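Below are the chains, spelled out letter by letter.
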Amino acid sequence: VYIRKHPLEIPPPSEKDWLKGDEEDFFLQDPDRKRDALPQPFRMINKLVMLVFENAMEIIERREMLREAQKLKVQPTKCFPTAEFQVTGRANCLAVSGKYIFVGLSVGLAAFEVSDCKEVCAWDAAKTEICAIHALDLGNECHILLAVDEMGLVWLSCFHKESFLLIKILNEVEDICKRNTCVEVVLSPGGDYAGVLLQGNTKSWLEIYRLPKDSWLKEMEKSPGAAAGLACRERRSSWTSADIFLLQESPVSANKAGAKLSLPVLLLKVKPPKPITGSSFKSPLDALKKVDDGSMLGLGYNHLIKDSQWQQQEAIFRRTYWEYLEAEGERESKEEIPRRATFHFLLPSWILQVGPEMKIQPDVPAGISVHWDGSHNLCFYLLNHPLKEKVDSDPKPDVVWPCAAPIACSAVSSCSRYLALACEDATVTIWDKHLGYPLSVTAILEERLIRSIHFL
């Protein structure tokens, strides 16, 4: 065991502990320079670690700035459902009319009250799936419904006093092989007209129906039991806790209802424009005879250009620009008849001139505007023509607006005064239909295809 004999003392400074001349200002040196004296691996590791910390701090600062900016923005209000209703099967679509909500189901139709979300009535006699539905309140507790099922059939029905009544299947045919499917269906704002765009195997067309809503209201008042025409699933007085609805067949069938509503009347059957071909007229006089009064533009069929002239012009064009055509890889393709149309119901205006013998109501549509895919022309058809025993299979438009480029889409304002046209050359034109002239023409700098346009 070592035992210290003398007390512990501070040793005197030695010469090696003295400060050198170059180390007297050590307190002024950069502390980071001390790491430069480390061997190479440690210096590299130190730089990598510092780089990681600096990047991490930049990310943290950026996220904090975004979080602060998000707090300054107006936060949207979160809406949570206040009520829910149970349906039988799968809900595909819905429409609101008055105090009722009509739901298209995988097994038919159902009507619910808006106030308490209770089921009022349901129709599932045909066991068909409803894919689209449109509803409109006609007043006097009567609602008109247009429903499209999975097979493309259009069901026109009426909902009166909590019961459904089938009026007619608009495109029903006896031979299922000749069935035409519905592509689009539109109800006019007042419920006076309905438009159905139908499509067959090789052709398509637009049918416009006049709905006798005034007659329906009178017939409903005279025959209260007529509305019990379809098999209904009525609301029971005693509901279970889970609100499970039971199927109850109506005692009155559709055939035994005793009273039927008036059928809609087919007004127009508009077909897509045919491709312009060579003229068959022998002289200009023959072409002028086909023109009514020369007060409007037509579709371009009454011309004097022969097929040989068009073929010669086509040959000259291809011979002149054959290099560009080969570079683009153009393939010759025959012109196909368009199979899709966009149409709108229009209120009376300056562009829809109606004869003095026809009555005009300011809130009833006076015409429709139609443009087919790939067409430059916007066609207007009047709806106030006198009824004929046989509908014209190929009616001529009353007004034609030619455009510089094919029309891509269109929209009508809620007041039906303004009409917006968007062409494939990325130009948007706003028309004032009451005055009959364009308000503005806007060209998008970047040429992009406009697929839809809406008024806000």
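Residues numbered from 1 in each chain as written. Predicted model: local features only at pLDDT ≥ 70, side-chain atom pairs only at ≥ 80, totals over all residues. Heavy atoms only, no water.

Going by an unreviewed UniProt entry, the chain carries the name WDR93 protein and comes from Anhinga anhinga.

On to the side chain of Ser188. Within the fold, Ser188 resides in the loop between β9 (181-187) and β10 (193-199). Of the polar contacts made by the side chain of Ser188, one reaches the backbone nitrogen of Tyr193; its length is 2.9 Å. When neighbours within four sequence positions are excluded, Ser188 is seen to be in contact with Leu136, Tyr193, Phe345 and Pro365. (Helix = DSSP H or I, 4+ residues; strand = E, 2+ residues; numbered from the N terminus. Polar contact = N/O pair within 3.5 Å; in protein donor to acceptor, adjacent residues only side chain to side chain. Contact = heavy atoms within 4.5 Å.)

The topology assignment puts Phe345 in strand β13 (residues 341-346). A relative accessible area of 9% places Phe345 in the buried class. C-alpha separation for the pair Phe345 and Leu187, spaced 158 residues apart in sequence, amounts to 8.6 Å. (Buried < 20%, exposed > 50% of the residue type's maximum accessible area, 1.4 Å probe, protein only.)

This part is about the packing of aromatic side chains. On inspection of all chains with the given rule, the structure shows 11 aromatic pairs. One aromatic cluster is present, built from ring pairs that chain together Tyr100, Phe102, Phe159 and Phe164. One residue, Lys269, lies across the ring of Trp205, its end atom 5.1 Å from the ring centre. (Phe/Tyr/Trp six-rings, centres within 6.5 Å; stacked < 30°, edge-to-face > 60°. Lys NZ or Arg CZ within 6 Å of the ring centre and 35° of its normal.)

Applying the stated criterion across every chain yields a total of 5 salt bridges. Between Glu129 and Arg90 there is a salt bridge, with the nearest N and O atoms lying 2.4 Å from each other. Placement of the pair is Glu129 in the loop between β4 (119-123) and β5 (130-139) and Arg90 in the loop between α1 (40-72) and β1 (91-97), with a sequence separation of 39 residues. Exposure remark for Glu129: the relative accessible area of 17% places this residue in the buried category. Given a relative accessible area of 46%, Arg90 falls into the partly exposed group. Measuring nitrogen to oxygen at the nearest pair gives 3.0 Å for the salt bridge that ties Asp432 to Arg417. Taken as a pair, Asp432 in strand β19 (residues 427-432) and Arg417 in the loop between β17 (407-412) and β18 (418-423) lie far apart in primary sequence, 15 residues in all. For Asp432, a relative accessible area of 3% puts it in the buried group. (Salt bridge = Lys/Arg side-chain N within 4 Å of Asp/Glu carboxyl O.)

Sheet topology places β19 next to strand β20 (residues 437-443); 6 bridges connect them, and they run antiparallel. Looking at β20, one finds that Trp431 is bridged to Pro438. Hairpin connection, β19 to β20: the antiparallel pair is bridged by 4 residues, and Gly436 has positive phi, about 85°. (Pairing = 2+ DSSP bridges.)

For the rest of this paragraph, the subject is the state of the cysteines. One covalent bond between the sulfur atoms of two cysteine residues makes up a disulfide. Per the stated rule, a full pass over the model turns up 0 disulfides. You can see Cys158 has no disulfide; the closest cysteine sulfur is in Cys142, sitting 3.1 Å from it. Between Cys403, a free cysteine, and Cys423, which holds the nearest cysteine sulfur, the sulfur-to-sulfur gap is 4.5 Å. (Disulfide = S-S within 2.5 Å.)

Turning our attention to the nonpolar core. In this structure, Ile144, Leu146, Leu156, Val196 and Trp216 are the most contacted members of the largest nonpolar core, which totals 25 residues. Secondary-structure elements contributing two or more residues to this core are β5, β6 (142-149), β7 (154-160), β8 (164-169), β9, β10, β11 (204-210) and α2 (213-222). The leading source of residues in this core is β6, at 4 residues. Excluding its chain neighbours within four sequence positions, the residues that come into contact with Trp216 are Leu138, Ile144, Leu156, Ile167, Leu211, Leu261 and Ser262. Counting 19 residues, the second-largest nonpolar core is a separate cluster that includes Cys93, Val120, Cys121 and Ala135. (Core = buried A, V, L, I, M, F, W, Y, C linked by side-chain atoms within 4.5 Å.)

On the surface, a cluster of nonpolar side chains totalling about 300 Å² of accessible area is made up of Ile45, Val49 and Phe53. Position of Val49 relative to the elements: it lies in helix α1. (Patch = residues over 30% accessible without salt bridge, like charges linked within 9 Å, V, L, I, M, F, W, Y side chains within 5 Å. Areas by Shrake-Rupley, 256 points an atom, 1.4 Å probe, with all protein chains shown as cover.)

On the basis of which strands lie adjacent, the open sheet formed by 4 strands has the order β9-β10-β11-β12 and antiparallel pairing. A single partner strand is all that each edge strand has here, and the edge strands are β9 and β12 (265-270). The sheet shows a mean angle of 20° between the axes of neighbouring strands, direction not considered. As defined by bridge partners, β9 adjoins β10 across 6 bridges and the pair is classed as antiparallel. By the bridge assignment, Glu184 is partnered in β10 with Leu197. (Axes fitted to C-alpha atoms, helices over the stretch in contact; angles between N-to-C directions.)

Attention now moves to a positive patch on the surface. A grouping of Arg62, Arg63, Arg67 and Lys71 is seen on the molecular surface, where their side chains present a positively charged patch. Position of Arg63 relative to the elements: it lies in helix α1. Taking relative accessible area as the criterion, Arg63 reaches 57% and is therefore assigned exposed. (Lys, Arg positive; Asp, Glu negative; His and termini not counted. Charge placed at Lys NZ, Arg CZ, Asp CG, Glu CD.)

Turning next to the sheet that holds strand β16 (residues 399-402). Consider a sheet: its strands pair through backbone hydrogen bonds, and that pairing is either parallel or antiparallel. Across the sheet, which stays open at both edges, the 4 strands sit in the order β13-β14-β15-β16 with antiparallel pairing between neighbours. Only two strands of the sheet have a single neighbouring strand rather than two, namely β13 and β16. Going from strand to strand, the sheet's axes swing by 20° on average, the running direction of each strand aside. As paired strands, β13 and strand β14 (residues 367-372) are joined by 6 bridges and run antiparallel to one another. Looking across to β14, one finds that Ala341 is bridged to Trp372.

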